[in-house]
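The chain contents come next:
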Number of protein chains: 2
Amino acid sequence: MAGYVSEAVIRRLPGYYRHLKELEAEGVRQISSQELGERMKLTASQIRQDINCFGGFGRQGYGYSVPELREHIGKILGIDQTHRMVIIGAGNIGRAVALSDSFPANGFQTMALFDTDPKKIGASIGAHQVQDMATIASFLAAHAVDIAVLAVPVAIAQQVVETLTANGVNAIWNFAPVDLKLPAGATAVNVHLEEGLEILSFKMKAKGE
Amino acid sequence: MAGYVSEAVIRRLPGYYRHLKELEAEGVRQISSQELGERMKLTASQIRQDINCFGGFGRQGYGYSVPELREHIGKILGIDQTHRMVIIGAGNIGRAVALSDSFPANGFQTMALFDTDPKKIGASIGAHQVQDMATIASFLAAHAVDIAVLAVPVAIAQQVVETLTANGVNAIWNFAPVDLKLPAGATAVNVHLEEGLEILSFKMKAKGE
């Protein structure tokens, strides 16, 4: 991979991947930076810059090979490999993630769900039975897990993260509306759903003004 | 509101709002740009710039009033008002949004859920009964609705959006992994969940290298 990639480019990578997958499904084999730019609402020069930046390969006057570029970006994202996840919190969000077809279809496999609520422990969610959070350390000792989906109340989020990282899970997909403190070596992506609604509210207001 | 606000500042507004709400709950009444910056992992000068930009009011050597600033940002975001939502798609995501306590607690109220699936129509989700998508136009004619939560498969997302905007709903909270084409006057915020996981995968890989 070609050296330093800026945060802005990283944030665009999944968009590239999605559009290239769509193009492949449509049977498109080659695409110019111009055409890809129109589709992604970026300029052709932005597209060329981005793709140069992550070490892509166009041929002058020929454009990019859609399947090659899709595969290349998939490798950069690391989604050519399977990721194993545990879901912490069997509430609405944890349940939605566990029941989704699209995550496993893209290599993100839920291994188990955990909760502290005696009313939820033992309940079936899809193919899983909710397990007791008190047993998470032994589960993580016995199973290779890459990612924890954090779908717990704010009040306990930090404490749960400390348990997870202490037991070797260093990637957190965080749905709790709180900024987590992470040890070195751990990483998180936040999904602050509420904030999306707030920005939508702002945009509605701006349009109305 | 003070003139033009950049997209980057807009994206930070919900974070300000969340941190100020937390500070209020902790009983903090005044905060300096230095302290707020430490909390939000921004520099003091960034904080001052942002707050100037959205027309905030600090007093030299005194800092910001937490409740005043929180209220001011709430007004800018438009979340001092109630928003009424319909949820389109009674699958895992639609269900999770409908059952959440936090959205209504913050003024985002679900009015109704719609689906096309005869097996889902009539089913109870919390206080709601899933309604037939075929009846959406008459529902929207009879009820004031600000926001549609789009939780449908990609294949029908664009068509559903056209129905919604034709019936006066101009704000879309989009969970379908597709870029919607919107008429002028409509606005959308995308929650592409899968992309968050892909970025997490990238970051894990980058840490491992």
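Residue numbers restart at each chain and count upward from 1, following the sequence in its written direction. Numbering of ligands from 1 and lettering of chains from A proceed in the order in which they are written. Totals for whole chains, interfaces and linings use every residue, but because this is a predicted model, local features are given only for residues with pLDDT of at least 70 and side-chain atom pairs only at 80 or more, for both listing and counting. Where side-chain values are given, they derive from all heavy atoms of the structure, hydrogens and water being excluded.

Our next topic: the relation of the copies chain A and chain B. Here the copies are superposed with least squares, the fitted atoms being C-alpha atoms of residues at a pLDDT of at least 70 in both. Mapping chain A onto chain B calls for a screw motion: a turn of 180° about the axis and a shift of 0.0 Å along it, with 0.0 Å RMSD after fitting. Expressed as an axis order, the relation between the two copies is that of a two-fold axis. When C-alpha distances to the rotation axis are compared across chain A, the minimum falls at alanine 96 of chain A, with a value of 3.2 Å. Comparing interface residues between copies, 100% of those in chain A also sit at the interface in chain B, which points to an isologous, same-surface contact. Note on contacts: a residue pair is in contact if any heavy atoms of the two residues lie within 4.5 Å.

Cavity: a set of points on a 1 Å grid over the protein atoms alone where a 1.4 Å probe fits but cannot get out. Pocket: an open set with protein on both sides within 12 Å along at least five of seven lines, its lining residues, like those of a cavity, having an atom within 4 Å of a point. Grid points are joined across faces, edges and corners, and a volume is the space filled by probe spheres set on the points. In this structure, the largest pocket encloses a volume near 2500 Å³. Taken together, 49 residues make up the lining of the largest pocket; nearest its centre are Arg11, Asn190 and Ile199 of chain A together with Arg11 and Asn190 of chain B. Tallied by class, residues from the lining of the largest pocket come to 21 nonpolar, eleven polar and 17 charged. When its volume is computed, the second largest pocket comes out at roughly 960 Å³. Lining the second largest pocket are 40 residues, and of these Ser102 of chain A together with Val152, Pro153, Phe175 and Pro177 of chain B lie nearest its centre. What counts as a helix is a DSSP run of H or I of at least four residues, what counts as a strand is a run of E of at least two, and both are numbered from the N terminus. Where the lining of the second largest pocket is concerned, the elements lending two or more residues are α1 (7-25), α5 (92-99) and α6 (102-105) of chain A together with α5 (92-99), β4 (108-115), α8 (154-166) and α9 (193-208) of chain B. Residues are grouped as follows: nonpolar covers Ala, Val, Leu, Ile, Met, Phe, Trp, Tyr, Cys and Pro; charged covers Asp, Glu, Lys and Arg; every other residue, Gly included, is treated as polar.

Turning our attention to the packing of helix α9 (residues 193-208) of chain A against helix α1 (residues 7-25) of chain B. In the contact formed by α9 of chain A and α1 of chain B, the axes pass within 10 Å of each other and the chain directions differ by 125°. In terms of orientation, α9 of chain A lies oblique with respect to α1 of chain B. Once α9 of chain A is placed against α1 of chain B, the crossing between them reads as right-handed. Taking contact as the criterion, the partners of Glu195, Glu198, Ile199, Phe202 and Lys203 of chain A in α9 of chain A are, on α1 of chain B, Glu7, Ile10, Arg11, Leu13, Pro14, Gly15, Tyr17 and Arg18 of chain B. When the residues that make up the contact of α9 of chain A with α1 of chain B are grouped by side-chain class, the tally is six nonpolar, one polar and six charged. Note on definitions: angles span 0 to 180 degrees between N-to-C directions of axes, and those axes are lines fitted to C-alpha atoms, for helices only across the stretch in contact. Angle categories: roughly parallel below 35 degrees, roughly antiparallel above 145, roughly perpendicular from 65 to 115, and oblique for all the rest. By convention the crossing between two helices is left-handed if the near helix lies anticlockwise of the far one by an angle smaller than a right angle, and right-handed if it lies clockwise.

Let us look at the domain arrangement of chain A. When the parts of a complex come together, some accessible area is lost, and that lost area is often taken as the interface size. Domain boundaries shown here were taken from an automatic or database domain assignment. Segmenting chain A into domains produces domain 1 (7-77) and domain 2 (83-195). In this structure, domain 1 of chain A and domain 2 of chain A have C-alpha centres spaced 32 Å apart.

A separate point is empty space enclosed by the protein. Across all of its chains, the model carries two cavities of 30 Å³ or more by this definition. A volume near 80 Å³ is recorded for the largest cavity. Lining of the largest cavity is provided by Ile93, Ala96, Val97, Phe175 and Leu193 of chain A together with Ile93, Ala96, Val97, Phe175 and Leu193 of chain B. Among the elements of the structure, α5 of chain A together with α5 of chain B are those that each provide at least two residues to the lining of the largest cavity. For the lining of the largest cavity, a count of residues per class yields ten nonpolar, no polar and no charged. Of the voids in this model, the second largest cavity is the one considered here, and its volume is about 40 Å³.

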